[in-house]
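# Observations on the model geometry
These are the residues of each chain, in order.
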Amino acid sequence: MAFQLLLNFFLAFIWMFLSVSFTSKSFFVGFLLGLLIIYAFRRFFTGRFYLLRVWAIISLIVLFIKELILANISVLMAIIRPKLDIKPGIFALPTELKSDWEITVLANLITLTPGTLVVDISFDNKILYIHSIDMPDADEAVNEIKNTFEKAIKEVSR
């Protein structure tokens, strides 16, 4: 990804020098032309096209913001009820993520979401133990995390 991005900037600067126009408009046109060239020659690169990864990162950020807002509303509704009707618990989340940074990102996203906290990670990095403030069904919570955060992290990293 980094090589493709640097190549795109290099092509944009080459375009600026060839067109003898050192403006931001010329750079933007060169960047778009470089983007088209890199897309046309994408099969010669080892990794996937870098804009796909950029799009996956943006969608992960949007997903986190959405989950953050929904979790805040859920915790707020649990707090303002006259009767505290919650079922806290700890559940195990088996993960398919391999690298340390993927597991760290997943643990941080879960912890930053209100109402959940990663308590521990197994020694082989395959299971995360998560405390939830309101957990009526552990299987549903596992499936929700696997289908949202873990899936989005896989799209970014692979």
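That block above? That's the structure.
What comes next is a walk through the structure. (Residues numbered from 1 in each chain as written. Predicted model: local features only at pLDDT ≥ 70, side-chain atom pairs only at ≥ 80, totals over all residues. Heavy atoms only, no water.)

Moving on, we come to the side chain of E102. Here E102 lies in helix 4 (residues 100-112). A polar contact is formed between the side chain of E102 and the side chain of S157, at a distance of 2.4 Å. Those residues within four positions of E102 in sequence are excluded, and the remaining contacts are L97, I153, S157 and R158. (Helix = DSSP H or I, 4+ residues; strand = E, 2+ residues; numbered from the N terminus. Polar contact = N/O pair within 3.5 Å; in protein donor to acceptor, adjacent residues only side chain to side chain. Contact = heavy atoms within 4.5 Å.)

With that settled, consider the nonpolar core. Among the nonpolar cores identified, the biggest contains 23 residues, and L93, L106, I110, L128 and I130 are the most heavily contacted of them. Beyond its immediate stretch of four places on either side in the chain, L128 contacts F91, A92, L93, T95, I103, L106, A107, I110, V118, D120 and I121. Listed in part, the 7 residues of the second largest apolar core include A12, I38, F45 and Y50. (Core = buried A, V, L, I, M, F, W, Y, C linked by side-chain atoms within 4.5 Å. Buried < 20%, exposed > 50% of the residue type's maximum accessible area, 1.4 Å probe, protein only.)

Per the counting criterion, the structure on display carries 4 salt bridges. Across the salt bridge formed by E102 and R158, the nearest N and O atoms sit 3.4 Å from each other. Of the two residues, E102 is situated in helix 4 and R158 in the segment after helix 5 (138-157); the sequence distance between them amounts to 56 residues. For R158, a relative accessible area of 43% corresponds to the partly exposed category. With a closest N to O distance of 3.2 Å, E150 and K146 form a salt bridge. One end of the pair is E150 and the other is K146, both in helix 5 and 4 residues apart, which spans about a single turn. By relative accessible area, E150 is classed as buried at 1%. (Salt bridge = Lys/Arg side-chain N within 4 Å of Asp/Glu carboxyl O.)

Moving on, we come to helix 1 (residues 2-19). A rise of 1.5 Å per residue sets the reference length of helix 1, with its 18 residues, at 26 Å; its end C-alpha atoms lie 26 Å apart and thus fit the reference within 8%. For helix 1, every residue scored as buried is listed here: Q4, N8, A12 and M16. Looking straight down helix 1, one finds its buried side chains confined to an arc of 125°; they lie on one side. Those residues of helix 1 that are exposed and angled more than 90 degrees off the buried face are A2, F3, L6, F10, F17 and L18. Buried positions along helix 1 lie against helix 2 (24-40) and helix 3 (50-80). V20 lies just past helix 1 and shows a positive phi near 50°. (Expected span 1.5 Å × (residues − 1). Arc of directions from axis to C-beta.)

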